[in-house]
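Spelled out, the chains give:
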Amino acid sequence: MKKFNNKTKFLAVFASALLIGSCTKDIIQEETRGVFTPEFFETELGVNGGLTFLYQNLRDIYGQAYYYNSMETGTDEYTFAQSADNNFKTADLSGEGEIMSDTYTTGIQWGNSFPAINTASGIIENASAVGLDNAVIAEARFFRAFNYFLLVQQFGGVPLDLGSGELAFNNSAVRTSTRNTVPEVYTIGIFPDLITAVNDLPDSPRLTGTVTKNVARLYLAKAYLTYGWWLENPRNIPTYPDTPRTDPDGRDAQWYFQQAYDIAVQGIDNPGPYSLQEYFYDVHLASNDRHSEMMLYADRTEESEIYNGASLGWSSTGGSANTAVWMVTSNYTTINVDGVAAVQREAAQSYGRPWTRMAPSINVFEETFAEKELDSRYDATFVTSYRGNWNKGGVSDPTITAANGMEIAPGDAVISFLDEYDPTVDYSVNGGNLGAGEVAGRSDYVINLNEINRRFYPGLWKLGTYRTDHDTENSLGQPNGALTRPFPIAKYSEFYLVAAEAAVKGATTQAGKSARDLVNVLRARAGKWRFDNGEQEERIEDNSSALTAATPTTITIEYILAERSREYFGEGVRWLDLVRTQTWDVLAASYEIAGNDATDHSPVVTTRNIQPHHYLRPIPQGQIDDLDMTEAEKIAYQNPGY
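About the thresholds
Residues numbered from 1 in each chain as written. Predicted model: local features only at pLDDT ≥ 70, side-chain atom pairs only at ≥ 80, totals over all residues. Heavy atoms only, no water. Helix = DSSP H or I, 4+ residues; strand = E, 2+ residues; numbered from the N terminus. Rg over C-alpha atoms; globule rule 2.2 N^0.38 Å. Buried < 20%, exposed > 50% of the residue type's maximum accessible area, 1.4 Å probe, protein only. Polar contact = N/O pair within 3.5 Å; in protein donor to acceptor, adjacent residues only side chain to side chain. 1 Å grid on protein atoms, 1.4 Å probe; cavity = no way out; pocket = protein on both sides within 12 Å on 5 of 7 lines; lining within 4 Å. Points joined across faces, edges and corners; volume = space filled by probe spheres on them. Nonpolar A, V, L, I, M, F, W, Y, C, P; charged D, E, K, R; others polar. Contact = heavy atoms within 4.5 Å. Phe/Tyr/Trp six-rings, centres within 6.5 Å; stacked < 30°, edge-to-face > 60°. Axes fitted to C-alpha atoms, helices over the stretch in contact; angles between N-to-C directions. Parallel < 35°, antiparallel > 145°, perpendicular 65-115°, else oblique. Left-handed = near helix turned anticlockwise from the far one by under 90°.

The next subject is the overall build of the protein. Helix and strand content of the protein: 22 helices and 19 strands. Here the C-alpha atoms of the protein give a radius of gyration of 24 Å, agreeing with the 26 Å that 2.2 N^0.38 yields for 642 residues. C-alpha atoms of the protein, sized along the principal axes, occupy 75 × 55 × 50 Å. Burial status across the protein gives 63% buried among its 642 residues.

The following block contains the structure:
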């Protein structure tokens, strides 16, 4: 296919430095180049540049606003919000649009993965000749498998031959293409590379943020788990290209579930430099980024716009800019109290740039995060109170008059979302121009979580803005620049839930590592508090015993998925989780939320039209149009239903 031409994509790569962190370990360094020619690629410097591109390419996916939309909107986590355009409404599949072959958001992975795959193949073919050892080559093997894994989950079978043979580096324009089957992609393009990567990668990263043996283990376990589900196909979801649900090596789904369990447990028992954070709050506390639980991330930096790949002052949402969290941030800046813009746009984790494109449904707060007082994950996921910062914006008033005629000062809550339903909320006051209400004795305006609308809702604290290049006490900083935080891709905690899911699917478990045991490791951590994010105050509390005791004796897939949502809510993995387990059209079939008006607190139930063919994304129409093939061949290339 035309886009596979490495002269149009791979050779035009801008190899910018990344993996810049607070650690003292070396980071990737290289000369910025406009192009990689084939001759340059056959040098040690060229191979290292290619490796750098594989890490840089993560930024074109993770944190990219519209890819993020395609992985979250339409799931049981997010729907479209008041300011959504068709990109978001279409993804929701709730009557506001239909996913088509030319839908931009669903094709982003296709456009980004093949250049990375071709680059990885070039490294694998040339690295030995230029003197690089197997550990470095294994990084390329990991990324080739990583990208094929992302593709096969979204599109079904994809080409293993980009023009020069299966898994061969291609440096010429090719306008024909043949899609391999799903079993071929897994058994040829994913498993062998990941197995080699597990064997050859080091225990500790070569540089800050580079892949290791345990990163490869996690993805091998996830690939085995996902392929096991595909072989089992419990709800008869169609695949494409059409092929029997049989394994070329004669192994059944249970074999793969067992492998997923065993490898995930190996990752737990051999952690290397990785470990769980003691508190869930610290997993996403911005000042604690790049910690021991973060195994793989798409990195950014506030040190340089060039190396950040996006403006530090005023960014658009394209390219490698990390702007995903803007999409799920409602426009809190319209909070006007006592004639003062009480909550202003700020470069701080609870604030940031509000685009109001995606909103969590009421179901999230009533079902997924039903236990808010014991389980710290709700508090450490959402922004539940917007606090006054008018002093940082140049407003000198030391206090302003808020709800019930009471005075508030900078740092006090202006609007809060109530953890528990309060029937006495009086919305007639239209507090803060956001339809919030008053409760007797409170100086902040309030909204019940079961009465949120598409206009105003809790933000996503865990991925929020963080900058250190301004006076945080007296300045709003630069909230309009793309985020400079690393976007999480893989965490050590996932070993526990992958192993637990495999156990639920029938894997034989080890002593002390049943599905319930594994889930309870994370639930015990979730019960430990050291800070209350909503109240912005220290909270030393341990509810681990209560949470683990409440874990069901029999763990189901639905319970695993609920735990995955509590751990990874809003991190751009939910669509993949629901598609893997064939539960998307069940768990996301409907949702509840009020309308677009700030004063609307009357939720309605919306039903989605998720069809079996939606479990595969359409091949981008532009790619098919560029094929030098017959019309019948082009039609056959596309996934059914599009």
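It is worth spelling out the side chain of Thr-210 at this point. Along the chain, Thr-210 turns up in the loop between α7 (182–200) and α8 (213–232). A residue is classified by how much of its surface remains accessible, and Thr-210, at 1% relative accessible area, is buried. Of note is the side chain of Thr-210, whose polar atom sits 3.0 Å from the backbone nitrogen of Arg-206. Looking at Thr-210, its side chain comes within polar contact range of the main-chain oxygen of Leu-207, at 2.9 Å.

Moving on: empty space enclosed by the protein. For the structure shown, the criterion picks out eight cavities of 30 Å³ or more. Estimated volume of the largest cavity: approximately 270 Å³. The wall of the largest cavity is formed by 18 residues, among which Val-152, Gln-153, Trp-230, Val-579 and Leu-616 lie closest to the centre. Its residues assigned to classes, the lining of the largest cavity shows eleven nonpolar, five polar and two charged. One number sums up the size of the second largest cavity: a volume of about 230 Å³. Around the second largest cavity, the lining comprises 21 residues; the ones closest to its centre are Gln-153, Lys-222, Glu-494, Val-573 and Leu-576. Elements that contribute at least two residues to the lining of the second largest cavity include exactly α3 (65–72), α6 (134–155), α8, α15 (494–504) and α19 (574–580). Looking at the lining of the second largest cavity, its residues break down into twelve nonpolar, three polar and six charged.

Now for the environment of Phe-495. Among the secondary structure elements, Phe-495 is positioned in helix α15. Judged by relative accessible area, Phe-495 falls into the buried class, the value being 0%. In this structure the C-alpha to C-alpha distance between Phe-495 and Thr-334, which are 161 residues apart in sequence, comes to 42 Å. Setting aside chain neighbours within four positions, we find Phe-495 in contact with Asn-214, Arg-217, Leu-218, Ile-263, Ala-264, Gly-267, Ile-268 and Met-295.

A complete count under the given rule lists 45 aromatic pairs for this structure. When the centroid spacing of 5.3 Å and the interplanar angle of 15° are considered together, the rings of Tyr-332 and Tyr-386 count as stacked. Here Tyr-332, found in the loop between α12 (324–327) and β3 (336–337), pairs with Tyr-386, found in strand β7 (residues 385–387); they are 54 residues apart in sequence, far enough to count as distant. Assigned by exposure class, Tyr-332 and Tyr-386 land together as buried. Taken together, a centroid distance of 5.8 Å and an interplanar angle of 75° make the contact between Phe-369 and Phe-569 edge-to-face. Residue Phe-369 is found in the loop between α13 (362–368) and α14 (376–379), and its partner Phe-569 is found in the loop between α18 (557–568) and α19; the two are separated by 200 residues along the sequence.

In the contact formed by α8 and α15, the axes pass within 10 Å of each other and the chain directions differ by 25°. As judged from the angle between their axes, α8 and α15 are roughly parallel. Considering only the axes of α8 and α15, their crossing is left-handed. On the side of α8, the interface is formed by Asn-214, Arg-217, Leu-218, Ala-221, Lys-222, Leu-225 and Trp-229, while α15 contributes Glu-494, Phe-495, Val-498, Glu-501 and Ala-502. Its residues assigned to classes, the contact of α8 with α15 shows seven nonpolar, one polar and four charged.

The residue Phe-191 is located in helix α7 in this model. Accessibility expressed as a relative area gives 5% for Phe-191, which makes it buried. Remark: the alpha-carbon pair of Phe-191 and Arg-608, spanning 417 residues in sequence, is separated by 35 Å. Setting aside anything within four residues of it in sequence, one finds Phe-191 in contact with Tyr-186, Leu-220, Ala-223, Tyr-224, Tyr-227 and Tyr-256.

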